[in-house]
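# Architecture at a glance
The residues making up each chain are set out below.
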Amino acid sequence: EFEKNYPSFQVILKEKYPELNLSDINFCSLIKMKFDIKQIATYTNTTLRSVESRRYRIRKKMQLQGQDDLYIIISNIG
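Reading guide: rules and limits
- For every chain, the first residue of its written sequence is number 1, and the numbers climb from 1 along that sequence.
- Since the coordinates come from a predicted model, pLDDT governs what is reported: local features require at least 70, and pairs of side-chain atoms require 80 or more to be given and counted, while whole-chain, interface and lining totals use all residues.
- Each side-chain value is derived from all of the structure's non-hydrogen atoms; neither hydrogens nor water enter the calculation.
- Secondary structure elements follow DSSP: runs of H or I of four or more residues count as helices, runs of E of two or more count as strands, with numbering from the N terminus.
- Buried, partly exposed and exposed residues are distinguished by accessible area as a fraction of the type maximum, computed with a 1.4 Å probe on protein chains only: under 20%, between the cut-offs, and over 50%, respectively.
- We score Asp and Glu as negative and Lys and Arg as positive, and we do not count His or the chain ends.
- Whenever Lys or Arg places a side-chain nitrogen within 4 Å of a carboxyl oxygen from Asp or Glu, that contact is recorded as a salt bridge.
- Two residues qualify as a contact provided that any one of their heavy atoms is within 4.5 Å of a heavy atom in the partner residue.

### A look at the side chain of K32
For K32, the location among the structural elements is in helix 3 (residues 22-32). Salt bridges are absent for the buried K32, whose nearest opposite-charge side chain, E3, sits at 12 Å. If we skip the residues at most four places from it in the chain, K32 touches F2, Y6, F9, I74, S75, I77 and G78.

Structural data, given as C-alpha cells:
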C-alpha cells in the first residue's frame, strides 16, 4: 500500500542518503506514514527506547543538525 501512495520515496531516500540500510528506510517509511514514536514501537514490537535510539542513528547517518526535524525532512521527500 505504501508503494502505491509513494512510489519513488524509497528510491529518492536511498539516493539522497546512501548510508541508510533497508531497515532504516523502512523506519523512515513509517515516519512518512505519520506514525509517532509510540505507534512505531507498537508496530515493530520494540521498546520506545529502541525506537528513539534508531531515530538518533538515522539522524546521524543523514548528518542532520540539532535544529533539523527528521519528520519534516522525510515528509518533504517524494
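### As for the pattern of salt bridges
Counting across every chain of the model gives one salt bridge. With its nearest N and O atoms 2.6 Å apart, the salt bridge here joins K61 to D24. Taken together, the residues span a long stretch of sequence, with K61 in helix 5 (residues 48-61) and D24 in helix 3 at a distance of 37 residues. Given the relative accessible area of 27%, K61 is considered partly exposed.

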